[in-house]
Amino acid sequence: MDKRIAQFLGLCQRAGKLSSGETGALSAIKDGSAELVIVAENASDNTKKRFSDSTRFYNKKMMVFGDKYEMGRAIGKDERAVVAVRDKGFAEKIEKMIAE
């Protein structure tokens, strides 16, 4: 994972604009607060499908990026297969950084 993206995810976490883990991310998708959902590349196929279906149903953006161990480390937690960014500005910036 790019160091800048990891640092930015950490900033989102400290700002309170990140839901992590499957339960937290699904809650953010369902309540409409998720602007961007990031699923780790090494997440299980079942997890990828569940979040692909959920984000499509609730019309949210989803990206498959990074590694669940690195994603967890970036936000100061154990491994995380999924994170949901709950701020439009942060989400747009992360999307731009991943696309580069």
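Placed above this text is the structure.
**Focus: the nonpolar core**
(1) Moving on: With 33 residues, the main nonpolar core has L9, V37, I38, F51, V85 and I94 as its most contacted residues.
(2) Moving on: Counting only elements with at least two residues in this core, the list comes to α1 (3-14), α2 (21-30), β2 (36-39), α4 (68-74), β4 (82-85) and α5 (88-99).
(3) Moving on: Other than its neighbours up to four places away in sequence, V85 contacts C12, K17, L18, S33, A34, E35, L36, F90, A91 and I94.

**As for the environment of S19**
(1) Moving on: Mapped onto the elements, S19 comes out in strand β1 (residues 18-20).
(2) Moving on: Along the backbone, S19 and A99 are 80 residues apart, and their C-alpha atoms lie at a distance of 22 Å.
(3) Moving on: Separated by 2.7 Å, the side chains of S19 and R86 make a polar contact.

**Focus: the side chain of S19**
(1) Moving on: Overall, S19 belongs to the buried group, its relative accessible area being 12%.
(2) Moving on: Every residue in contact with S19, bar those within four places of it in the chain, is listed here: G24, A25, A28, V82, V83, A84 and R86.

**Focus: helix α3 (residues 45-57)**
(1) Moving on: If you check α3, its first and last C-alpha atoms are 18 Å apart, about what 13 residues at 1.5 Å a residue would give, namely 18 Å.
(2) Moving on: Within α3, the full set of buried residues consists of T47, F51, S54 and T55. Take α3 and look down its axis: the buried residues cluster within an arc of 95°, on one side only. In α3, those exposed residues whose orientation departs by more than 90 degrees from the buried face are D45, N46, K49, R56 and F57.

**A few points about the pairing of β4**
(1) Moving on: Residues V82 and A84 of β4 are buried on one face, and the alternating residues V83 and V85, pointing to the opposite face, are buried as well.
(2) Moving on: Direction of pairing for β1 relative to β4: antiparallel, over a ladder of three bridges. By the bridge assignment for β4, L18 is matched with V85.

**Looking at unusual backbone geometry**
Excluding glycine, most residues fall at negative phi; most peptide bonds, likewise, are trans.
(1) Moving on: Even without glycine at this site, N59 takes up a positive phi of about 55°.
(2) Moving on: Along the chain, N59 falls in the loop between α3 and β3 (61-64).

**A closer look at the packing of aromatic side chains**
(1) Moving on: Under the defined criterion, the tally for this structure stands at two aromatic pairs.
(2) Moving on: With centroids separated by 5.4 Å and ring planes inclined at 80°, the aromatic side chains of F8 and F90 adopt a geometry described as edge-to-face. Highlighted residues: F8 in helix α1 and F90 in helix α5, separated in sequence by 82 residues.

**Remarks on the sheet that holds β1**
(1) Moving on: An order of β1-β4-β2-β3 is seen for the four strands of this open sheet, with the pairing classed as mixed. Edge positions in the open sheet fall to β1 and β3, since each of these has one partner strand only. Averaged over all pairs of adjacent strands, the angle between their axes in this sheet comes to 20°, without regard to strand direction.
(2) Moving on: Along the sheet, α2 contacts β1, β2 and β4; its crossing angle with β1, the most-contacted strand, is approximately 135°.
(3) Moving on: The sheet contacts of α5 involve β2, β3 and β4, and relative to β2 the element is tilted by about 45°.

What counts, and where the lines are drawn
Residues numbered from 1 in each chain as written. Predicted model: local features only at pLDDT ≥ 70, side-chain atom pairs only at ≥ 80, totals over all residues. Heavy atoms only, no water. Core = buried A, V, L, I, M, F, W, Y, C linked by side-chain atoms within 4.5 Å. Buried < 20%, exposed > 50% of the residue type's maximum accessible area, 1.4 Å probe, protein only. Helix = DSSP H or I, 4+ residues; strand = E, 2+ residues; numbered from the N terminus. Contact = heavy atoms within 4.5 Å. Polar contact = N/O pair within 3.5 Å; in protein donor to acceptor, adjacent residues only side chain to side chain. Expected span 1.5 Å × (residues − 1). Arc of directions from axis to C-beta. Pairing = 2+ DSSP bridges. Phe/Tyr/Trp six-rings, centres within 6.5 Å; stacked < 30°, edge-to-face > 60°. Axes fitted to C-alpha atoms, helices over the stretch in contact; angles between N-to-C directions.

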